[in-house]
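# Understanding the architecture of this molecule
One-letter residues, chain by chain:
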Amino acid sequence: REAGSALLVGTHAAAIEAAEGHLRHCVDRLWQRACAGEAAPLVEIGAVYAATSHAGGVARRAVSELYDAAGTRALYVSAPFERAHRDLRAMLQHIVAQPIWTEDAGRTRLSLTPTHPLFAI
(Lines give C-alpha, C1' and ligand atoms only; values in the text may rest on other atoms or scores of the structure.)
Protein backbone atom coordinates (compact mmCIF):
# COMPACT_ATOMS: atom_id res chain seq x y z
CA ARG A 1 0.00 0.00 0.00
CA GLU A 2 2.88 2.39 0.74
CA ALA A 3 4.30 2.05 -2.80
CA GLY A 4 0.88 2.80 -4.29
CA SER A 5 0.48 5.87 -2.10
CA ALA A 6 3.95 7.12 -2.99
CA LEU A 7 3.15 6.66 -6.69
CA LEU A 8 -0.09 8.63 -6.30
CA VAL A 9 1.66 11.44 -4.44
CA GLY A 10 4.50 11.61 -6.95
CA THR A 11 2.17 11.54 -9.94
CA HIS A 12 -0.19 14.17 -8.60
CA ALA A 13 2.58 16.41 -7.29
CA ALA A 14 4.10 16.51 -10.78
CA ALA A 15 0.72 17.19 -12.40
CA ILE A 16 -0.08 20.00 -9.94
CA GLU A 17 3.34 21.59 -10.38
CA ALA A 18 2.99 21.45 -14.17
CA ALA A 19 -0.49 22.99 -14.07
CA GLU A 20 0.72 25.69 -11.68
CA GLY A 21 3.69 26.48 -13.92
CA HIS A 22 1.45 26.82 -16.96
CA LEU A 23 -1.00 29.05 -15.07
CA ARG A 24 1.83 31.27 -13.80
CA HIS A 25 3.22 31.53 -17.34
CA CYS A 26 -0.16 32.64 -18.72
CA VAL A 27 -0.71 35.15 -15.93
CA ASP A 28 2.83 36.48 -16.33
CA ARG A 29 2.17 37.24 -20.01
CA LEU A 30 -0.86 39.32 -19.05
CA TRP A 31 1.06 41.02 -16.26
CA GLN A 32 3.88 41.99 -18.59
CA ARG A 33 1.36 43.54 -20.98
CA ALA A 34 -0.32 45.42 -18.15
CA CYS A 35 3.04 46.76 -16.93
CA ALA A 36 3.82 47.91 -20.46
CA GLY A 37 0.42 49.63 -20.71
CA GLU A 38 -0.69 47.33 -23.51
CA ALA A 39 -4.15 45.89 -24.00
CA ALA A 40 -4.34 42.15 -23.55
CA PRO A 41 -5.50 40.15 -26.56
CA LEU A 42 -8.56 38.01 -25.89
CA VAL A 43 -6.59 34.87 -26.68
CA GLU A 44 -4.18 35.63 -23.80
CA ILE A 45 -7.07 36.33 -21.43
CA GLY A 46 -8.58 33.05 -22.59
CA ALA A 47 -5.31 31.26 -21.92
CA VAL A 48 -5.50 32.34 -18.27
CA TYR A 49 -9.08 31.11 -17.96
CA ALA A 50 -8.22 27.79 -19.61
CA ALA A 51 -5.11 27.35 -17.47
CA THR A 52 -7.14 28.12 -14.35
CA SER A 53 -9.76 25.57 -15.30
CA HIS A 54 -7.10 23.01 -16.12
CA ALA A 55 -5.37 23.56 -12.76
CA GLY A 56 -8.69 23.13 -10.98
CA GLY A 57 -9.30 19.85 -12.77
CA VAL A 58 -5.82 18.60 -11.92
CA ALA A 59 -6.34 19.56 -8.28
CA ARG A 60 -9.76 17.89 -8.22
CA ARG A 61 -8.33 14.62 -9.53
CA ALA A 62 -5.40 14.74 -7.11
CA VAL A 63 -7.48 15.47 -4.04
CA SER A 64 -10.15 12.92 -4.98
CA GLU A 65 -7.68 10.10 -5.60
CA LEU A 66 -5.62 10.88 -2.50
CA TYR A 67 -8.81 11.22 -0.43
CA ASP A 68 -9.93 7.80 -1.66
CA ALA A 69 -6.50 6.30 -0.97
CA ALA A 70 -6.52 7.64 2.59
CA GLY A 71 -9.60 5.53 3.31
CA THR A 72 -11.74 6.08 6.38
CA ARG A 73 -9.07 8.26 7.99
CA ALA A 74 -9.95 10.97 5.48
CA LEU A 75 -13.55 11.17 6.73
CA TYR A 76 -12.77 12.90 10.02
CA VAL A 77 -12.98 16.68 10.26
CA SER A 78 -9.59 16.63 11.99
CA ALA A 79 -7.98 15.01 8.91
CA PRO A 80 -6.17 17.27 6.44
CA PHE A 81 -7.65 15.33 3.50
CA GLU A 82 -11.19 16.05 4.66
CA ARG A 83 -10.53 19.80 4.73
CA ALA A 84 -8.77 19.78 1.34
CA HIS A 85 -11.57 17.72 -0.19
CA ARG A 86 -14.29 20.00 1.20
CA ASP A 87 -12.49 23.26 0.34
CA LEU A 88 -11.70 22.15 -3.21
CA ARG A 89 -15.28 21.03 -3.83
CA ALA A 90 -16.55 24.40 -2.57
CA MET A 91 -14.10 26.32 -4.74
CA LEU A 92 -15.05 24.34 -7.84
CA GLN A 93 -18.67 25.50 -7.42
CA HIS A 94 -17.59 29.13 -7.86
CA ILE A 95 -18.49 30.88 -11.11
CA VAL A 96 -14.86 31.25 -12.18
CA ALA A 97 -14.47 27.46 -12.15
CA GLN A 98 -17.36 26.79 -14.53
CA PRO A 99 -16.84 25.37 -18.05
CA ILE A 100 -18.06 28.53 -19.81
CA TRP A 101 -14.65 30.13 -19.28
CA THR A 102 -12.81 27.27 -20.98
CA GLU A 103 -15.37 27.25 -23.78
CA ASP A 104 -14.83 30.96 -24.34
CA ALA A 105 -11.06 30.42 -24.20
CA GLY A 106 -11.50 27.93 -27.01
CA ARG A 107 -13.57 30.46 -28.91
CA THR A 108 -10.74 32.98 -28.74
CA ARG A 109 -8.31 30.40 -30.12
CA LEU A 110 -10.68 29.94 -33.04
CA SER A 111 -10.85 33.74 -33.54
CA LEU A 112 -14.47 33.75 -32.36
CA THR A 113 -16.03 36.18 -29.91
CA PRO A 114 -16.42 35.02 -26.30
CA THR A 115 -20.05 34.73 -25.17
CA HIS A 116 -19.70 35.50 -21.45
CA PRO A 117 -20.19 39.23 -20.81
CA LEU A 118 -17.48 39.30 -18.11
CA PHE A 119 -14.83 37.53 -20.20
CA ALA A 120 -12.55 40.49 -20.90
CA ILE A 121 -13.06 42.46 -17.69
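As the structure is a prediction and not an experimental result, all values here were calculated from the model.

What counts, and where the lines are drawn
Residues numbered from 1 in each chain as written. Predicted model: local features only at pLDDT ≥ 70, side-chain atom pairs only at ≥ 80, totals over all residues. Heavy atoms only, no water. Helix = DSSP H or I, 4+ residues; strand = E, 2+ residues; numbered from the N terminus. Rg over C-alpha atoms; globule rule 2.2 N^0.38 Å. Buried < 20%, exposed > 50% of the residue type's maximum accessible area, 1.4 Å probe, protein only. Contact = heavy atoms within 4.5 Å. Areas by Shrake-Rupley, 256 points an atom, 1.4 Å probe, with all protein chains shown as cover. Lys, Arg positive; Asp, Glu negative; His and termini not counted. Charge placed at Lys NZ, Arg CZ, Asp CG, Glu CD. Axes fitted to C-alpha atoms, helices over the stretch in contact; angles between N-to-C directions. Left-handed = near helix turned anticlockwise from the far one by under 90°. Nonpolar A, V, L, I, M, F, W, Y, C, P; charged D, E, K, R; others polar. Phe/Tyr/Trp six-rings, centres within 6.5 Å; stacked < 30°, edge-to-face > 60°.

### Observations regarding the overall build of the protein
Counting secondary structure elements, the protein contains four helices and zero strands. Its C-alpha radius of gyration of 17 Å places the protein more than 25% over the 14 Å reference for a compact globule of 121 residues. With the principal axes as the frame, the protein shows a C-alpha extent of 50 × 25 × 25 Å. Residues classed as buried in the protein amount to 26% of the 121 residues present. Within the protein, residue pairs in contact and separated by at least 24 positions form 52% of the contacts whose partners lie at least 6 positions apart. Accessible surface computed for the protein: about 7900 Å², of which carbon and sulfur atoms make up 62%. Across the protein, the mean location of the 12 positive side-chain charges is 3 Å away from that of the 12 negative side-chain charges.

### A closer look at the packing of helix α2 (residues 42-70) against helix α3 (residues 80-91)
One can describe the packing of α2 onto α3 by two numbers: an axis separation of 10 Å at closest approach and a directional angle of 150°. Helix-helix and strand crossings are classified by hand; for α2 and α3 the assignment is left-handed. From α2, Ala59, Arg60, Val63, Ser64, Leu66, Tyr67 and Ala70 reach across to α3, where they touch Phe81, Glu82, Ala84, His85, Leu88 and Arg89. For the contact of α2 with α3, the class distribution of residues is eight nonpolar, two polar and three charged.

### Observations regarding the side chain of Glu44
Along the chain, the position of Glu44 falls in helix α2. Residue Glu44 is classed as buried on the basis of its relative accessible area of 12%.

### Some remarks on the packing of aromatic side chains
The tally for this structure, following the rule as stated, stands at two aromatic pairs. An aromatic cluster is built from Tyr49, Trp101 and Phe119, whose rings are joined through pairwise contacts.

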